[in-house]
Amino acid sequence: MRVSFSVRQLDKLADLSIGLGHLFFGSTVIPFLFPVIDRPPFTVLALGLGFAFEFWTFAIWILEGGRK
C-alpha cells in the first residue's frame, strides 16, 4: 500500500523537520558556546549537530521530491 501526500502536507512535514533541526542545533550549540549554562560533552554536541543536519537534509529531500 502506497501512501501519497499532497504538496501542502509535504510542506508541513518539511517545516516540522526544519523546526526539529533548529531545536537540536540550538539545544546543543548554545550551551556549548556559553558554558555558564551547562556545557555538554563533545559527543553530545556532535550528536546534536548530526541530528540537526539530518533533519535539515530530510526537509530539503521532502521539498525536492514533493514538487516534481
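Each remark here, short or long, concerns the structure printed above.
Here's what I pulled together on the structure shown here. (Residues numbered from 1 in each chain as written. Predicted model: local features only at pLDDT ≥ 70, side-chain atom pairs only at ≥ 80, totals over all residues. Heavy atoms only, no water.)

### Side note on the overall build of the protein chain
Piece 1. What the protein chain contains, in helices and strands, is three helices and zero strands.
Piece 2. Moving toward the C terminus, one meets the helices and strands of the protein chain in the order α-α-α.
Piece 3. What you see for the protein chain is a C-alpha radius of gyration of 15 Å, clearly larger than the 11 Å of a compact globule of 68 residues, by over 25%.
Piece 4. Projected onto its principal axes, the C-alpha coordinates of the protein chain cover approximately 50 × 20 × 20 Å.
Piece 5. Across the 68 residues in the protein chain, those meeting the buried criterion constitute 21%.
Piece 6. Contacts in the protein chain between residues far apart in sequence, at least 24 positions, make up 64% of those at least 6 positions apart. (Helix = DSSP H or I, 4+ residues; strand = E, 2+ residues; numbered from the N terminus. Rg over C-alpha atoms; globule rule 2.2 N^0.38 Å. Buried < 20%, exposed > 50% of the residue type's maximum accessible area, 1.4 Å probe, protein only. Contact = heavy atoms within 4.5 Å.)

### A few points about the packing of aromatic side chains
Piece 1. Inspection of every chain in the model, using the stated rule, returns six aromatic pairs.
Piece 2. Within the aromatic cluster, the residues linked to one another by ring pairs are Phe24, Phe51 and Phe55. (Phe/Tyr/Trp six-rings, centres within 6.5 Å; stacked < 30°, edge-to-face > 60°.)

### A word on the environment of leucine 49
Piece 1. Mapped onto the secondary structure, leucine 49 falls in helix H3 (residues 42–66).
Piece 2. The exposure class assigned to leucine 49 is partly exposed, which follows from its relative accessible area of 23%.
Piece 3. For the pair leucine 49 and phenylalanine 24, spaced 25 residues apart in sequence, the C-alpha to C-alpha distance is 6.9 Å.
Piece 4. Ignoring sequence-local partners within four residues, the contact set of leucine 49 consists of Phe25, Thr28 and Val29.

### Description of the side chain of threonine 28
Piece 1. For threonine 28, the location among the structural elements is in helix H1 (residues 7–33).
Piece 2. For threonine 28, a relative accessible area of 7% puts it in the buried group.
Piece 3. Polar contacts involving the side chain of threonine 28 include one to the main-chain carbonyl oxygen of phenylalanine 24, which spans 2.8 Å.
Piece 4. Not counting residues up to four positions away in its chain, the partners in contact with threonine 28 are Pro40, Val44, Leu45, Gly48 and Leu49. (Polar contact = N/O pair within 3.5 Å; in protein donor to acceptor, adjacent residues only side chain to side chain.)

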